[in-house]
Amino acid sequence: MDFATARTLVRAATLGIDDLERAIAAAGACAAVDFLLDEIRPRLRLSELSEFDQDTIVRLCLQAGAETVHRDLVVRRNGSGWAFGPSGEHPVAAAAVITQDLAEALRGTVSPSGASAATRSVQWRDADDFTAFHSPPAAFRVVQRLLAAMERRDDRDLSALAAHHGSDKWGLHNYTPHYQRHFEPLRDEPIVLLEIGVGGYQDPTGGGASLRMWRDFFPRALVYGLDVVDKSAHDEGRIRTLLADQADPGSLSRAVEPIGRPDIIIDDGSHINKHVLSTFRALFPLLRPGGKYVIEDLQTAYWPSFGGSEQSTCDPHTTIGLLKDLVDGLNHQELTERNPRSSSTTDTQIAGVHFHHNLAVLDKGLNLEPGAPSWLARTQPES
Ligand SMILES: C[S@@+](CC[C@H](N)C(=O)[O-])C[C@H]1O[C@@H](n2cnc3c(N)ncnc32)[C@H](O)[C@@H]1O
């Protein structure tokens, strides 16, 4: 990569996207990708990861107009090095494929203000592997480091903290950018955060990644993690674990009683619809006004194996059915007689319902805004 091309690209990356696309076209997509990899390389620090017992490959597909440039990041087994190379030269198949618009990737990597990652997708080869669900594949840490290097993540950034602690809330899922936006106003407050589901399942010492991530994100928070398995091995400093079965509202209420009123509750436990609903009924009243109630992994609402429904996407026994009903509750003042609604206490206690892929964030707050004036016609005049 010659210096003049690098200088043109780095300057264009801080201008408008059109300027950057023109600069990429002038330099050639392959040269622009080489420049991008030169920027990423020193930030990766992959040699710190030593857990690979086989070569691991993550493929980058960078799109510039009709052209796509492919590069493989090969991490060799037993910490014996890593390198970017042309795709498909290594006999091992890529564990994950990251696809993104090249101009957006360049902007995110070199522009001081960063950029969105709206055109990025991450596809996993072993997404269907059962063991990958319980313990993320080795390539997960490589993908996290690569994404962090491409986004100039710093220590104010929740996705960087997820990568640091090994939480799958970023990398496998894409939850942390949403959390960052919703939780930022509470960041420096002395809050109480409760997460259902510590992680690690039957292993008492497993999991705990998200608790440590929350501890570092909220410097004044008390962080509680509740699990059906004793996870007290993770108790340290501002982190405490609680032992209870979320399927049993009585045991749940008794376990959380000593912690007082939480400001944030996150349900990342069994993801069984019945449990998520009963947990919401038991814990939402405890949440402090101004607090956030979060439900993760909403995909199970569509899966009968988790008590979800294939028959109706509005089934009130599913999390998605509950959340859609809360949306009507938000607008309960506007419903007409043809849409009767039996009132619920949450109608006046939820001020916002935010949906993201597999994630919902509820704002607890007064919803007493009156409906539109009565003289505004609600029904179509007879023709
Ligand atoms: C997806 S993991 C949690 C991951 C963790 N929150 C993180 O982001 O690192 C789910 C956890 O929920 C726990 N769990 C499963 N069923 C539960 C139940 N009925 N009550 C409480 N915890 C449960 C499991 O033991 C497991 O550790």
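Since we're looking at a predicted model, the values are computed, not measured. (Residues numbered from 1 in each chain as written. Predicted model: local features only at pLDDT ≥ 70, side-chain atom pairs only at ≥ 80, totals over all residues. Heavy atoms only, no water.)

1. As for the sheet that holds strand β2 (residues 67–75)
Here is the rule we go by: Note on pairing: DSSP must find at least two bridges between two strands before they are called paired. Each helix corresponds to a stretch of at least 4 residues labelled H or I by DSSP, and each strand to a stretch of at least 2 residues labelled E; elements are numbered beginning at the N terminus. Between N-to-C directions, angles span 0 to 180 degrees; the directions come from axes that are lines fitted to C-alpha atoms, helices contributing only their stretch in contact. Whether two residues are in contact is decided by their heavy atoms, any of which lying within 4.5 Å being enough.
With mixed pairing, five strands are arranged side by side in an open sheet as β3-β2-β1-β4-β5. One side of each edge strand has no neighbouring strand; the edge strands of this open sheet are β3 (82–86) and β5 (121–124). For this sheet the average axis-to-axis angle between neighbouring strands, irrespective of direction, equals 20°. Summarising the sheet, strand β4 (residues 96–101) and β5 pair through four bridges and their orientation is antiparallel. By the bridge assignment, Ala 96 is partnered in β5 with Trp 124. Lying over the sheet, helix α3 (residues 29–44) contacts β1 (56–64), β2 and β3, oriented at roughly 30° with respect to β2.

2. Observations concerning the environment of Trp 214
Let me state the cut-off plainly: Under this definition, polar contacts are N or O atom pairs within 3.5 Å; protein pairs additionally need one hydrogen-donor-capable and one acceptor-capable atom, and for neighbouring residues in sequence, both atoms have to be side-chain atoms.
Mapped onto the elements of the fold, Trp 214 is located in helix α9 (residues 209–217). Distance from Trp 214 to Ala 117, taken between C-alpha atoms, is 23 Å for residues 97 residues apart in sequence. Once residues within four sequence positions are removed from consideration, Trp 214 is found in contact with Leu 158, Lys 169, Tyr 179, Phe 183, Leu 193, Glu 195, Val 223 and Ile 266. Reaching out from Trp 214, the side chain makes a polar contact with the side chain of Glu 195 at a distance of 2.9 Å.

3. Considering the domain arrangement of the protein
Quick reminder of the rule: Annotation comment: domain bounds sourced from an automatic or database domain assignment. Values labelled buried area give the accessible surface lost by two parts on being combined, using a 1.4 Å probe and summing over both. One speaks of a salt bridge when a side-chain nitrogen belonging to Lys or Arg is within 4 Å of a carboxyl oxygen belonging to Asp or Glu. The residue classification treats Ala, Val, Leu, Ile, Met, Phe, Trp, Tyr, Cys and Pro as nonpolar and Asp, Glu, Lys and Arg as charged. All others, Gly included, are polar.
The domains assigned to the protein are domain 1 (3–150) and domain 2 (167–364). With nine residues of domain 1 at the contact, the number on the domain 2 side is six residues. Where domain 1 abuts domain 2, roughly 770 Å² becomes buried across the two surfaces, and 71% of that area is made up of carbon and sulfur atoms. Applying the counting rule to domain 1 against domain 2 returns zero salt bridges. Summed over the shared surface of domain 1 and domain 2, the number is two residue pairs in polar contact (both at pLDDT 80 or more). Here the side of domain 1 that touches domain 2 takes four residues from helix α6 (residues 139–150), the largest share from any one element. Residue composition of the side of domain 1 that touches domain 2, grouped by class: seven nonpolar, two polar and no charged.

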